[in-house]
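Below, each chain spelled out in residue letters.
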Amino acid sequence: MYGNEERANTELLLIRSKKRAEQSGSSLTYKQLLEPPYKEKMIIGCGLSILQQLSGINAITFYSTEIFRQGVSDPNDSTPLFYTMAVGVINVLAALATIPVLKAFQKRSALIIGDAACMICLMAIAYLSLGDPSPYTKWYVFGFVFFFGFSLGSVTWIMVGQILPDLGVGVAVLMNWVFTVIIAQMFPTMISVLGMSGSFLIFSLFCAGGLAFITKYIPESSPAPIQITSDHEEVELGYRDLGKALLLENLQDTDFTSSEKIRGSRKGSKRIPQNN
């Protein structure tokens, strides 16, 4: 655990670096977002925001009543509406579960666990939809919504906000909305052409591709300490999450006096140069 002084130093360092990032980001152009050092961050941010929609979450959210009505012969039966309300409640519970999940797991691990669970639930829905409607389908729908909620649903926007400048966040949000519209418009056609089974199988394949994307592009949230150097100083810092690491990159060109050479211990202790 960090001591009070260390925690204060860490927060001050992050505030300074974030301020510099915001100041430099105000003059960013779209072209610069496609160049280092933003290119890889844009791939991560936009990739996660697109994967969020390709998982099929809004297909289930927008058409949950129709999905639950499969196999219900009585048009006046209110059970599908009840299940739809349950989806909303599970969404809220999943959001509340995000905090303890991220305390127990790193962001990358939470994404992998959640995406893998979503893929399994979607495959189960696809399999159960091959024959007559199954009473177990709804449980896999609920499971999908829950696992999505604390992983792709929440961690995506935490990471996007941490690693991208404001302009990049806007692009990621735009991509998310574009694919929201695409999935919402295409899902009825997918159901009519491929059926329930084929449609959810496609979503499960997107989640499988998402696992490969997360594994390849998203680093562990607790890498080895980062060492930042300039002409007159050297700082070695331990950090716990990707957002802090990426914010710290903005300190690389910070001016320090020659007497302000600071090195933290291997355990992550830190000291911050004082501004004159």
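Right above here is the structure, for reference.
Structure report, in brief.

Scoring rules and cut-offs
Residues numbered from 1 in each chain as written. Predicted model: local features only at pLDDT ≥ 70, side-chain atom pairs only at ≥ 80, totals over all residues. Heavy atoms only, no water. Helix = DSSP H or I, 4+ residues; strand = E, 2+ residues; numbered from the N terminus. Buried < 20%, exposed > 50% of the residue type's maximum accessible area, 1.4 Å probe, protein only. Contact = heavy atoms within 4.5 Å. Axes fitted to C-alpha atoms, helices over the stretch in contact; angles between N-to-C directions. Parallel < 35°, antiparallel > 145°, perpendicular 65-115°, else oblique. Nonpolar A, V, L, I, M, F, W, Y, C, P; charged D, E, K, R; others polar. Phe/Tyr/Trp six-rings, centres within 6.5 Å; stacked < 30°, edge-to-face > 60°. Polar contact = N/O pair within 3.5 Å; in protein donor to acceptor, adjacent residues only side chain to side chain. Core = buried A, V, L, I, M, F, W, Y, C linked by side-chain atoms within 4.5 Å. Left-handed = near helix turned anticlockwise from the far one by under 90°.

**A look at the overall build of the chain**
Stage number 1. Each helix and strand counted, the chain has 10 helices and 2 strands in total.
Stage number 2. The secondary structure elements of the chain, listed N-terminal to C-terminal, are α-α-α-α-α-α-α-α-α-β-β-α.
Stage number 3. Counting only residues that meet the buried cut, the chain has 47% of its 276 residues in that class.
Stage number 4. Contacts spanning at least 24 positions in sequence make up 72% of the contacts within the chain whose residues lie at least 6 apart.

**Some thoughts on the packing of helix 8 (residues 155–163) against helix 9 (residues 166–217)**
Stage number 1. Packing of helix 8 against helix 9 brings their axes to within 9 Å, and their N-to-C directions diverge by 150°. On the basis of the axis angle, helix 8 is roughly antiparallel to helix 9. Between helix 8 and helix 9, the residues in contact are Trp157, Val160 and Gly161 and Val169, Ala172, Val173 and Asn176, respectively.
Stage number 2. Here the contact of helix 8 with helix 9 is composed, by residue class, of 5 nonpolar, 2 polar and no charged.

**Focus: the packing of aromatic side chains**
Stage number 1. Summed over all chains, the structure comprises 14 aromatic pairs.
Stage number 2. Look at phenylalanine 144 and phenylalanine 148: their rings are 6.1 Å apart centre to centre, the planes differ by 25°, and that puts the pair in the stacked class. Of this pair, phenylalanine 144 and phenylalanine 148 both sit in helix 7 (residues 137–149), 4 residues apart, which is roughly one turn of that helix. Accessibility classification places phenylalanine 144 together with phenylalanine 148 in one group, the buried group.

**Re the side chain of arginine 108**
Stage number 1. Tracing the backbone through its elements, the reader meets arginine 108 in helix 6 (residues 107–128).
Stage number 2. In this structure the side chain of arginine 108 is engaged in a polar contact, spanning 3.1 Å, whose partner is the backbone oxygen of threonine 215.

**Things to note about the nonpolar core**
Stage number 1. With 54 residues, the main nonpolar core has Leu48, Leu111, Phe144, Phe200 and Phe203 as its most contacted residues.
Stage number 2. A per-element tally of this core places helix 9 first, with 13 residues.
Stage number 3. With residues near it in sequence (within four places) discarded, leucine 111 still touches Leu48, Ser151, Leu152, Val155, Met159, Ile214 and Ile218.

**Some words on the environment of phenylalanine 148**
Stage number 1. Owing to a relative accessible area of 7%, phenylalanine 148 belongs among the buried residues under this scheme.
Stage number 2. With 92 residues separating them in the primary sequence, phenylalanine 148 and glycine 56 have C-alpha atoms 10.0 Å apart.
Stage number 3. If we ignore the near neighbours within four places in the chain, the residues touching phenylalanine 148 are Gln52, Ser55, Ile57, Cys118, Gly153 and Ser154.

**Section: the packing of helix 6 against helix 9**
Each pair of packed helices can be described by the angle between their axes along with the distance between the axes.
Stage number 1. Packing of helix 6 against helix 9 leaves a shortest axis separation of 8 Å and a crossing angle of 160°. Regarding the angle of helix 6 to helix 9, the classification is roughly antiparallel. When you trace helix 6 past helix 9, the crossing you get is left-handed. Here Arg108, Leu111, Ile112, Asp115, Ala116, Cys118, Met119, Leu122, Met123, Ile125 and Ala126 of helix 6 come into contact with helix 9, specifically with Ser197, Phe200, Leu201, Phe203, Ser204, Cys207, Ala208, Gly210, Leu211, Ile214 and Thr215.
Stage number 2. Residues that form the contact of helix 6 with helix 9 fall into these classes: 16 nonpolar, 4 polar and 2 charged.

**Here we look at unusual backbone geometry**
Stage number 1. The step from proline 36 to proline 37 runs through a cis peptide bond, and the omega angle for that step is 5°.
Stage number 2. The residue proline 37 is located in the loop between helix 2 (30–33) and helix 3 (39–54) in this model.

**Side note on the environment of glycine 168**
Stage number 1. Relative to the elements of secondary structure, glycine 168 occurs in helix 9.
Stage number 2. The spacing of glycine 168 and leucine 34 is 134 residues in sequence and 9.9 Å in space, taken between C-alpha atoms.

Shape is all these values report; function is a separate question.
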